[in-house]
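# Topology and contacts: notes
Take a look at the letters that make up each chain.
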Amino acid sequence: QVQLVESGGGLVQAGGSLRLSCAYSGRTFSSYGMGWFRQAPGKEREFVAAISRTGGSTYYADSVKGRFTISRDNGKNTVYLQMNSLKPEDTAVYYCAARPIIGTGVVVSANEYNYWGQGTQVTVSS
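Attention in this report is confined to the structure presented alongside it. Note that the structure is predicted; figures quoted are calculated from it, not measured.

Our focus in this paragraph is the state of the cysteines. A complete count under the given rule lists one disulfide for this structure. There is a disulfide in this structure between Cys22 and Cys96, and the S-S distance comes to 1.9 Å. Between Cys22 and Cys96 the disulfide shows an S-S torsion of about 45°. By sign, it is right-handed. Of this pair, Cys22 sits in strand E3 (residues 18–25) while Cys96 is found in strand E9 (residues 92–100), placing the two residues 74 residues apart along the sequence. Cys96 sits in the buried class, given a relative accessible area of 0%.

On the secondary structure map, Thr120 appears in strand E11 (residues 120–125). Note on Thr120: relative accessible area 11%, which makes it buried. A polar contact is formed between the side chain of Thr120 and the backbone nitrogen of Gly9, at a distance of 3.2 Å. In contact with Thr120, not counting residues within four places along its chain, are Glu6, Ser7, Gly8, Gly9, Leu20, Ala92, Val93 and Tyr94.

The pairing of strand E1 (residues 3–7) with E3 spans five bridges and is classified as antiparallel. Following the sheet pairing, Ser7 is matched in E3 by Ser21.

What the four strands build is an open sheet, ordered E1-E3-E8-E7; its pairing is antiparallel. A single partner strand is all that each edge strand has here, and the edge strands are E1 and strand E7 (68–73). Here the strands of the sheet are splayed against their neighbours by 15° on average, with no regard to which way each runs.

The next thing to look at is the pattern of salt bridges. The final tally for this structure, using the stated rule, is five salt bridges. Note that Arg38 and Asp90 form a salt bridge whose closest N and O atoms lie 2.9 Å from each other. Of the two residues, Arg38 sits in strand E4 (residues 32–39) while Asp90 sits in the loop between strand E8 (78–83) and E9, which places them 52 residues apart along the sequence. The class of Arg38 is buried, set by a relative accessible area of 4%. When the shortest N-O distance is used, the salt bridge between Asp62 and Lys65 registers 3.1 Å. Asp62 gets classed as exposed once you look at its relative accessible area, which sits at 65%. Residues participating in the shared-partner salt-bridge network are Arg38, Glu46, Arg67 and Asp90.

Basis of the calculations
- Per chain, residues are indexed from 1 in the order of the written sequence.
- Local features in this predicted model are restricted to residues of pLDDT 70 or higher, and side-chain atom pairs are both shown and tallied only at a pLDDT of 80 or more, whereas totals for entire chains, interfaces and linings draw on every residue.
- Excluded from the side-chain calculations are hydrogens and water; all other atoms, namely the structure's heavy atoms, are used.
- Cysteine sulfur atoms that pair up within 2.5 Å are treated as a disulfide.
- Strands are runs of DSSP state E lasting at least two residues, helices are runs of H or I lasting at least four, and both sets are numbered from the N terminus onward.
- For the exposure calls, accessible area comes from a 1.4 Å probe over protein chains only, and a residue counts as buried if that area is under 20% of its type's maximum, exposed if over 50%, partly exposed in between.
- Distance and chemistry together define a polar contact, namely a pair of N or O atoms within 3.5 Å, with one atom able to donate a hydrogen and the other to accept it when in protein, and with adjacent residues in sequence counting only for side-chain atoms on both sides.
- Pairs of residues are marked as contacts when any of their non-hydrogen atoms sit within 4.5 Å.
- When DSSP finds at least two bridges between two strands, those strands are taken to pair.
- Working convention: axes come from line fits to C-alpha atoms, limited for helices to the stretch in contact. Angles between N-to-C directions cover 0 to 180 degrees.
- By convention in these notes, a salt bridge is any Lys or Arg side-chain nitrogen within 4 Å of a carboxyl oxygen on Asp or Glu.

Geometric values such as these leave the question of function open.
Structure representation (C-alpha cells):
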C-alpha cells in the first residue's frame, strides 16, 4: 500500500520561498514517477511539476517555470518542491501524487496518477 504525506506548507509573503516535502511509503520508490498538483478555492486541480522515477527528467507548468524546482531523493523516499518568488496566485492546497512507471518519462495528467497525498496548504500574502 502506497502512502504519501506532504509537509512544509504555510503562510508566506509574496516574494518568499517555501519547500514542500512528500514522504513516500510502500513499494520501491524508485519505480514511481512523482508529481505535484495544486487546487485553489473554486478552481480545478492543476498540474504544477513532475519528475521521472530516476530524477533525470522534470517538467513544469508554464505558470511556475523558473520559480519552482521539483527534485527527489530516492534514498530518503521523498520528493520535494522548492518554491521561490512566490505570488499570491500560488495560494492553493498542494498535493503530491505517484504512479508506477517504466522508463524515464514524466506524467503530467492527474488522471494517470494512482496515489495521492492529503495535501498541504500554501498561502501567499500580498
